[in-house]
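For reference, the chains in residue letters:
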Amino acid sequence: MRNFIRQRERAISLKLGKKLVIYIPLFWLLLFFLVPFLIVTKISLSQITYGRPPYLPMFEWSKDNLLTIKLYFGNFFLLFSDSLYINAYLNSLKIAALSTFFTLLIGYPMAYFIARADEKIRNILLLLVILPFWSSFLLRVYAWIGLLKNNGIINNILLNMGIIDSPIKMLNTDFALYIGIVYSYLPFMILPLYANLVRLDEKLLEAARDLGAKPLALFFTIILPLSMPGIIAGSMLVFIPAIGEYIIPSLLGGSDSLMIGRILWDEFSANRDWPVASALAVAMLTIIILPLILFKNAQKKEVAIDE
Amino acid sequence: MQTKIIANKYYDNNQSDNNHSLAADTKPWNDKNAKPFVRIKNISKVFGNVAALDNVSLDIYKSELFCLLGKSGSGKSTLLRILAGFEKSSTGIIEIDGQNMENIEPYERPINMMFQSYALFPHMNVEQNIAYGLKRSGMKKAEISQNVEQLLSLIKMEGYNRRKPHQLSGGQRQRVALARALARKPKLLLLDEPLGALDKKLRQETQFELINIQETLGITFIVVTHDQEEAMSLATRIGVMEEGTIAQVGEPREIYEYPATRFVADFVGSINMFEGKVIKNEAADLRINSPELDVNIHVANNIACALGQTLWFAIRPEKITLQKEKPKKRSNFAKGIVEEIIYLGDVSNYRILLNSKKRINVTRPNISRDEKEKISWDEEIYAVWHENSGVVLAS
Amino acid sequence: MNRNRRIVQFISILGFIFLYVPIISLIIFSFNNSKLVSVWSGFSTKWYFALLQNEQIIEAAKLSVFIAAFSATISLILGTLAAIALSRYRSFRGKSLLSGMVSAPLIMPDVITGLSLLLLFVTLRSLIGWPAQMGAVTIIIAHISFGMAFVAIIVQSRLLHFDKSLEEAAKDLGAKPLRVFFDITLPIISPALISGWLLAFTLSFDDLVIASFVTGPGASTLPIVIFSKIRLGITPEINALATIIIVLVAIFATLAMLQMKKIPE
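Conventions and cut-offs
- Residues take numbers from 1 onward in each chain, read along the sequence in its written order.
- A letter from A marks each chain and a number from 1 marks each ligand, given out in the order of writing.
- The predicted nature of this model means local features are confined to residues of pLDDT at least 70 and side-chain atom pairs, given and counted, to a pLDDT of 80 or more, with totals for whole chains, interfaces and linings taken over all residues.
- Side-chain numbers come from the whole structure's heavy atoms, not from hydrogens or water.
- Helix and strand assignments follow DSSP, with helices taken as H or I runs no shorter than four residues and strands as E runs no shorter than two, numbered in order from the N terminus.
- Exposure is judged per residue with a 1.4 Å probe applied to protein chains only, and the accessible area is read against the type maximum: over 50% gives exposed, under 20% gives buried, and values in between give partly exposed.
- Only heavy atoms matter for contacts: two residues are in contact if any of them lie within 4.5 Å across the pair.
- Per-residue accessibility takes into account occlusion by the displayed protein chains alone, with areas from the Shrake-Rupley method and a 1.4 Å probe.
- When charges are counted, neither His nor the chain ends are considered; positive counts come from Lys and Arg and negative counts from Asp and Glu.
- A single reference atom marks each charge: NZ on Lys, CZ on Arg, CG on Asp, CD on Glu.
- Strand pairing follows a simple DSSP-based rule, namely that at least 2 bridges must link the two strands.
- Lines fitted to C-alpha atoms define the axes, with helix axes restricted to the stretch in contact, and inter-axis angles between N-to-C directions lie between 0 and 180 degrees.
- Accessible surface is computed with a 1.4 Å probe, and the buried area is the amount of it that two parts give up when combined, taken over both parts together.
- Salt bridge, as applied in this entry: a Lys or Arg side-chain nitrogen positioned within 4 Å of an Asp or Glu carboxyl oxygen.
- Pairs of N or O atoms within 3.5 Å make up the polar contacts considered here, provided that, within protein, one atom can donate a hydrogen while the other can accept it, and that residues adjacent in sequence are counted only when both atoms are side-chain atoms.
- Source of the domain bounds: an automatic or database domain assignment.
- All amino acids are sorted into three groups, where Ala, Val, Leu, Ile, Met, Phe, Trp, Tyr, Cys and Pro are nonpolar, Asp, Glu, Lys and Arg are charged, and the leftover types, Gly among them, are polar.
- Orientation is classified from the angle alone, with under 35 degrees giving roughly parallel, over 145 giving roughly antiparallel, 65 to 115 giving roughly perpendicular, and any other angle giving oblique.
- Here a crossing is taken to be left-handed if its near helix is turned anticlockwise relative to the far helix by less than a right angle, and right-handed if that turn runs clockwise.
- Only residues whose relative accessible area exceeds 30% and that take part in no salt bridge are eligible for patches, with like-charged residues grouped when within 9 Å of each other and nonpolar side chains (Val, Leu, Ile, Met, Phe, Trp, Tyr) grouped when within 5 Å.

Visitor: How do you make sense of the overall build of chain B when you look at a structure like this?
Guide: For chain B, the helix and strand inventory stands at nine helices and 20 strands. Residue burial in chain B is summarised as follows: out of 395 residues, 51% are buried. Contacts in chain B between residues far apart in sequence, at least 24 positions, make up 67% of those at least 6 positions apart. Of the roughly 18900 Å² that chain B leaves accessible, carbon and sulfur atoms contribute 47%. Computed over 53 positive and 49 negative side-chain charges, the inter-centroid distance for chain B is 3 Å.

Visitor: Got a minute to help me understand the overall build of chain C in this structure?
Guide: In terms of regular secondary structure, chain C is built from 11 helices and zero strands. Each helix (α) and strand (β) of chain C, taken in turn from the N terminus, gives the series α-α-α-α-α-α-α-α-α-α-α. Projected onto its principal axes, the C-alpha positions of chain C cover 70 × 65 × 35 Å. Within the span of chain C, comprising 265 residues, buried residues form 55% of the whole. The long-range fraction of contacts in chain C, counting pairs at least 24 apart against all pairs at least 6 apart in sequence, stands at 68%. Counting only carbon and sulfur atoms, one obtains 68% of the accessible surface of chain C, whose full area is about 11600 Å². Between the averaged position of the 20 positive side-chain charges in chain C and that of its 12 negative side-chain charges there is a distance of 5 Å.

Visitor: Would you mind going over the sheet that holds strand S19 (residues 380-384) of chain B with me for this structure?
Guide: Two pairing modes exist for strands in a sheet, parallel and antiparallel, and in both the strands are linked by backbone hydrogen bonds. All names here are of chain B. On the basis of which strands lie adjacent, the open sheet formed by five strands has the order S15-S19-S16-S17-S18 and antiparallel pairing. Pairing within the sheet leaves two strands with one partner each, and these edge strands are strand S15 (321-323) and strand S18 (359-365). Within this sheet the neighbouring strands show an average axis-to-axis angle of 45°, counted without direction. The pairing of strand S16 (residues 333-343) with S19 spans five bridges and is antiparallel. Of the residues in S19, the one forming a bridge with Ala 334 is Ala 383.

Visitor: Which parts of the structure should I look at to understand unusual backbone geometry?
Guide: Peptide bonds are, in most cases, trans, and in most cases residues other than glycine have a negative phi. In the segment running from Trp 130 of chain C into Pro 131 of chain C, the intervening peptide bond is cis, with an omega of -5°. Of note, Ser 63 of chain B is a non-glycine position whose phi angle comes to about 70°, a positive value. Examined against the element boundaries, Ser 63 of chain B turns out to sit in the loop between strand S2 (50-60) and strand S3 (65-70). The exposure class of Ser 63 of chain B is buried, given its relative accessible area of 4%. Look at Asn 332 of chain B: it is not a glycine, yet its phi comes out positive at around 60°. The residue Asn 332 of chain B is located in the loop between S15 and S16 in this model. Accessibility expressed as a relative area gives 2% for Asn 332 of chain B, which makes it buried.

Visitor: Quick question: what am I supposed to make of the interface of chain C and chain A here?
Guide: Many authors give the size of an interface as the accessible area that is lost as the parts come together. Every contact between the two is made by 88 residues of chain C and, on the other side, 89 residues of chain A. Carbon and sulfur atoms supply 82% of the area that chain C and chain A bury against each other, a total of about 8000 Å² over both sides. On the chain C side of the contact with chain A, Phe 18, Met 101 and Ile 107 of chain C bury the most area, a combined 9% of that side's loss. Where chain C meets chain A, there are zero salt bridges. The interface formed by chain C and chain A contains eight residue pairs in polar contact (both at pLDDT 80 or more).

Visitor: So what exactly am I meant to see when it comes to the pattern of salt bridges here?
Guide: Any two side chains of opposite charge can pair, so long as their charged atoms come close to each other. All names here are of chain B. For the coordinates displayed, the defined rule picks out 25 salt bridges over all chains. Residue Arg 203 pairs with Asp 227 through a salt bridge whose shortest N-O separation is 3.3 Å. Separated by 24 residues along the polypeptide, Arg 203 in helix H6 (residues 200-217) and Asp 227 in the loop between strand S8 (220-225) and helix H7 (228-234) bring together distant segments of the chain. Put simply, Asp 285 and Arg 287 hold a salt bridge, and the shortest N to O gap is 3.2 Å.

Visitor: Got a minute to help me understand the side chain of Ser 44 of chain A in this structure?
Guide: By the element assignment, Ser 44 of chain A lies in helix H1 (residues 2-44). Excluding its chain neighbours within four sequence positions, the residues that come into contact with Ser 44 of chain A are Tyr 72, Asn 75, Phe 76, Pro 275, Ser 278, Ala 279 and Val 282 of chain A.

Visitor: Just to check I follow, could you spell out the pairing of strand S11 (residues 272-282) of chain B for this structure?
Guide: Every other side chain in a regular strand lies on the same face of the sheet, so the side chains alternate between the two faces. Residues and elements named next belong to chain B. As judged from the six bridges shared by S11 and strand S14 (residues 310-315), these two strands associate in the antiparallel manner. Among the inter-strand pairings, Gly 276 is bridged to a residue of S14, identified as Leu 311. Strand direction decides the pairing type here: S11 and strand S12 (residues 285-289), joined by five bridges, are antiparallel. Paired with Glu 282 across the strands is Asp 285, a residue of S12. Taking the residues between adjacent antiparallel strands as the criterion, S11 and S12 are bridged by two residues, where Ala 284 takes a positive phi near 50°.

Visitor: Is there a simple way to explain the domain arrangement of chain B in this structure?
Guide: All names here are of chain B. For chain B, the domain assignment lists domain 1 (3-262) and domain 2 (270-389). The C-alpha centroid of domain 2 is placed 40 Å from the C-alpha centroid of domain 1. Listed by partner, the interface residues are five residues for domain 1 and five residues for domain 2. When domain 1 packs against domain 2, close to 480 Å² is buried across both sides, 50% of that on carbon and sulfur atoms. The largest per-residue losses of area from domain 1 upon contact with domain 2 belong to Tyr 256, Glu 257 and Arg 262, which jointly make up 89% of the total buried on that side. In this structure, the salt-bridge partner of Glu 257 is Lys 319, at a minimum N-O distance of 3.0 Å. Our enumeration of links across domain 1 and domain 2 arrives at three residue pairs in polar contact (both at pLDDT 80 or more). Per-class residue counts for the side of domain 1 that touches domain 2 are three nonpolar, no polar and two charged.

Visitor: What exactly am I supposed to notice about the interface of chain C and chain B here?
Guide: At the junction of the two partners, chain C supplies 20 residues and chain B supplies 22 residues. Carbon and sulfur atoms make up 63% of the area that chain C and chain B hide from each other, which totals about 1900 Å². Linking chain C with chain B are two salt bridges. The shortest N-O distance in the salt bridge between Asp 183 of chain C and Arg 136 of chain B comes to 3.3 Å. Counting the contacts that link chain C with chain B gives 10 residue pairs in polar contact (both at pLDDT 80 or more). If you list the elements that add at least two residues to the side of chain C that touches chain B, you get helix H7 (164-172) and helix H8 (177-206) of chain C. Considered class by class, the residues forming the side of chain C that touches chain B number 10 nonpolar, two polar and eight charged.

Visitor: It is not clear to me how the packing of helix H5 (residues 170-182) of chain B against H6 of chain B should be interpreted in this structure. Could you clarify?
Guide: Pairs of packed helices are described in terms of their axes, by the angle between the two and the distance that separates them. Residues and elements named next belong to chain B. Two numbers describe how H5 lies on H6: the axes approach to 12 Å, and their chain directions differ by 15°. Classified by the angle their axes make, H5 and H6 are roughly parallel. Of the two elements, H5 crosses H6, and the hand of that crossing is right-handed. Contacts between H5 and H6 involve Gly 171, Gln 174, Arg 175, Leu 178 and Leu 182 from the former and Leu 202, Thr 206, Glu 209, Leu 210, Ile 213 and Leu 217 from the latter. Here the residues of the contact of H5 with H6 sort into six nonpolar, three polar and two charged.

Visitor: Just to check I follow, could you spell out the packing of helix H5 (residues 137-148) of chain A against helix H6 (residues 153-160) of chain A for this structure?
Guide: Residue and element names in this part refer to chain A. At their nearest, the axes of H5 and H6 sit 4 Å apart, and the two run at 25° to each other. Judged by the angle between their axes, H5 and H6 are roughly parallel. Where H5 approaches H6, its residues Gly 146, Leu 147 and Leu 148 are matched on the opposing element by Ile 153, Ile 154 and Asn 155. The class makeup of the residues in the contact of H5 with H6 is four nonpolar, two polar and no charged.

Visitor: Would you mind going over the sheet that holds strand S9 (residues 237-242) of chain B with me for this structure?
Guide: All names here are of chain B. With mixed pairing, six strands are arranged side by side in an open sheet as S6-S7-S8-S3-S9-S10. In the strand order of this sheet, the two ends are held by strand S6 (111-114) and strand S10 (245-250), each with one partner. Ignoring which end each strand starts from, the neighbouring axes of this sheet average 20° apart. As defined by bridge partners, S6 adjoins strand S7 (residues 188-192) across four bridges and the pair is classed as parallel.

Visitor: Is there a simple way to explain the side chain of Arg 237 of chain B in this structure?
Guide: All names here are of chain B. Checked against the element boundaries, Arg 237 lands in strand S9. You can call Arg 237 buried: its relative accessible area is 7%. Side-chain polar atoms of Arg 237 contact the backbone oxygen of Asp 59, separated by 2.8 Å. What Arg 237 contacts, discounting residues up to four positions off in sequence, is Trp 29, Asp 59, Ile 60, Tyr 61, Glu 64, Leu 65, Phe 66, Cys 67, Val 249, Gly 250, Glu 251 and Pro 252.

Visitor: Hey, could you run me through a nonpolar patch on the surface in this one?
Guide: Residues and elements named next belong to chain C. A contiguous nonpolar surface patch, about 460 Å² in accessible area, is contributed by Phe 10, Ile 13, Leu 14, Ile 17 and Val 21. Within the secondary structure, Ile 17 sits in helix H1 (residues 2-30). The class of Ile 17 is partly exposed, set by a relative accessible area of 45%.

Visitor: Please explain the environment of Gly 147 of chain C as it appears in this structure.
Guide: All names here are of chain C. Along the chain, the position of Gly 147 falls in helix H6 (residues 136-160). Linking Gly 147 and Val 102, residues 45 residues apart in sequence, is a C-alpha distance of 9.9 Å. Setting aside residues up to four positions removed in sequence, Gly 147 forms contacts with Ser 75 and Ala 200.

This is how it looks when you write it as structure tokens:
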């Protein structure tokens with residue numbers, strides 16, 4: 001009997017412990033991650049007003065005690081009718097896609113090179129990739145201002161060498177924008193690719209070579225398909241944050257290079273139009289969801305390969 | 001011999017009633033009055049809707065070295081994990097030394113386990129690994145280090161105290177894992193594929209060491225293995241497992257010579273099997289007609305069966321002889337052609353294609369270096385066996 | 001084959017140069033005598049002294065370190081709990097919800113996270129009167145929400161590779177569950193915990209966008225101050241600051257790397 005009671009007590013305390021382990025983080029994320037999105041969605045369907053908060057309530061008790069729900073789709077109509085927003089969307093997509101492509105183009109050979117390097121050098125190379133990632137994002141973007149501006153380092157060098165007569169305008173152009181994104185997000189591409197490529201079994205390559213695969217065939221038939229999860233993971237890690245990027249377009253991009261992240265910020269802080277900013281956020285989320293699912297699947301595959 | 005003395009010393013200091021070993025001629029499982037040390041009663045385990053264990057009952061006696069032999073997925077590891085307390089059985093009872101193990105947590109059981117992966121704590125050195133269990137039982141520091149030293153000398157690894165597991169060879173890790181599991185002086189030691197990770201030569205040496213330690217310490221061992229040779233050479237008794245049930249329990253010799261089912265006959269060693277129908281069943285005279293043979297099978301003992309019932313006759317390859325001239329008797333032989341000869345040094349294996357297109361295997365010792373009666377490929381040959389050499393199986 | 005390898009090597013070297021040219025130029029011009037950050041006019045350390053006397057930056061740095069350390073610590077606890085729940089408990093209500101919410105912040109654009117959290121705080125304030133003011137507390141809460149996701153991912157992957165028989169062995173040798181956790185699980189996953197904490201710290205210390213949304217009067221973190229200064233034009237003081245940060249990060253990263261090597265798999 002005593003044994004039985006002790007057993008019960010233990011079972012109860014174990015259950016309580018398990019519940020705490022699960023529900024503390026779950027509750028936190030519900031409150032500070034999921035609920036905020038619901039609020040954003042709600043406000044995106046509200047009408048702007050002058051006051052605090054700067055939007056009209058969605059739920060209201062009318063005089064005859066009826067709950068009225070006012071859904072205002074005007075913010076979304078605005079997004080589709082004003083070419084400013086549509087252009088910003090398309091532009092963001094284009095810039096994010098192209099930057100992802102360029103990042104992959106540089107990142108893949110680098111990841112491959114590191115993964116195939118000697119073990120001693122490999123760790124140092126990896127450290128060299130991670131190091132910029134750990135130091136300030138903002139300051140690394142800032143560094144490019146000094147390099148790219150009209151009397152900046154690159155123009156000065158080119159002028160001194162006599163290659164150009166007058167400075168090339170690079171800062172505040174799309175070129176600077178692309179440089180900034182590729183530069184900032186390169187480690188995010190290299191690291192998942194490296195993690196994938198380093199596990200690539202050398203024997204598979206030997207087997208393919210043994211069966212007559214030439215270098216190019218080897219790459220396209222063995223290495224590339226096997227590294228697909230890494231490519232997808234890396235691409236998503238670049239593409240998705242690049243869509244909503246705010247710092248890089250506002251520091252390096254031109255005034256005409258419109259990206260949604262920047263417009264959202266402006267609507268929010270300069271125009272104080274919270275409903276439109278929320279509608280922009282909701283719309284931005286809808287284009288992110290598809291890549292998000294792709295990313296999740298790639299992650300799952302990686303885990304499956306690991307096991 | 002040296003191992004024996006040290007082992008006795010280790011156990012003498014701490015445990016006086018457990019240092020007699022199981023004498024070779026005492027077989028408690030044959031004694032109806034003997035009390036089993038480990039009782040496994042009607043244990044079932046269901047994962048989802050798959051039964052990993054199906055109503056398993058088993059008695060194991062003190063100081064036995066019992067082997068659970070089976071393929072992967074036969075339920076042997078599940079049974080071991082239930083004994084250790086890592087899994088709860090769906091039904092059934094386990095008793096150890098008269099004590100019901102239900103509701104007793106793994107850390108309270110008088111049982112220790114040696115894991116297949118050894119599970120040595122990578123962040124602790126050899127000494128800390130071995131001492132871990134002793135610390136948990138609240139032993140004093142001086143006593144712990146004395147115990148660790150004795151265990152290290154038991155496994156012949158004196159001076160390795162400060163090594164980390166990754167600095168050890170496979171065999172050394174195995175021995176440290178053994179010492180760690182022995183340190184708490186368990187009543188029962190569970191070993192999950194203890195030799196599985198070692199290469200063949202080391203495995204043979206370690207086998208003897210394991211038996212030696214077990215015999216001198218007198219602890220009851222339950223070993224899980226998929227390797228029948230290992231089970232044969234280690235065990236006092238073997239329990240053959242098949243799809244969550246115990247197919248047969250017996251001494252190694254019993255399992256090999258008198259398999260109870262076709263599964264056991266086929267799983268342990270190799271065997272030739274003929275399917276046939278009973279045509280006569282009288283005192284010491286059982287006759288079976290098999291379409292796979294030209295003549296009848298005659299067996300000099302009886303089993304309970306009806307006329308016309310389907311039975312299987314099983315005979316080991318080494319119990320069949322080969323001769324060139326036709327035998328005079330009217331049963332227990334088969335005519336065929338030598339299809340393949342595999343020379344293995346001590347013996348040669350012959351594959352004979354019978355008239356019925358059935359193939360049988362025959363093993364012959366290579367008695368002389370150049371055989372006078374050489375049998376060669378494609379030769380017509382008679383395979384002959386004695387009426388007491390095979391077993392008749394009903395299932 | 002050899003030619004292909006050369007091409008890979010060539011691109012890689014260019015890639016590393018690309019990664020480091022801006023950083024090196026930052027460092028070089030932090031020692032420039034002139035106020036221009038693109039024309040060299042002699043060695044000087046005066047910008048470092050100027051930086052140390054700039055109270056606004058020093059205060060912001062202190063605040064950022066405090067926020068980062070605090071939020072990283074809470075992130076570590078919550079993230080580890082989430083990782084244990086996801087990798088150790090077979091099934092429970094809300095498991096897929098938890099796993100989704102844990103991986104989403106990894107790639108959520110900062111502007112969305114920032115906006116949504118701000119709107120949450122505003123809503124909460126009108127409902128329950130808390131938080132009365134935006135500031136360090138709201139920034140910390142925001143940073144925990146994404147920091148714990150990173151910790152959870154790192155710790156989870158370590159737990160998935162964890163040989164469970166190690167814990168069983170400890171249990172078998174007489175250790176109770178809590179003891180097993182502190183003796184075996186914790187030491188073995190500690191490298192993951194350390195890198196999780198460092199990552200959460202860095203992300204918090206580095207964050208501009210989310211903090212800008214949820215900050216309030218008197219709570220200007222270092223990135224907010226730097227950003228406002230950069231918009232006014234570039235100054236060598238910022239270069240000096242960047243150099244200090246980069247050197248600190250390099251020292252820490254190297255130490256961490258050496259430490260990792262000591263701990264066997």
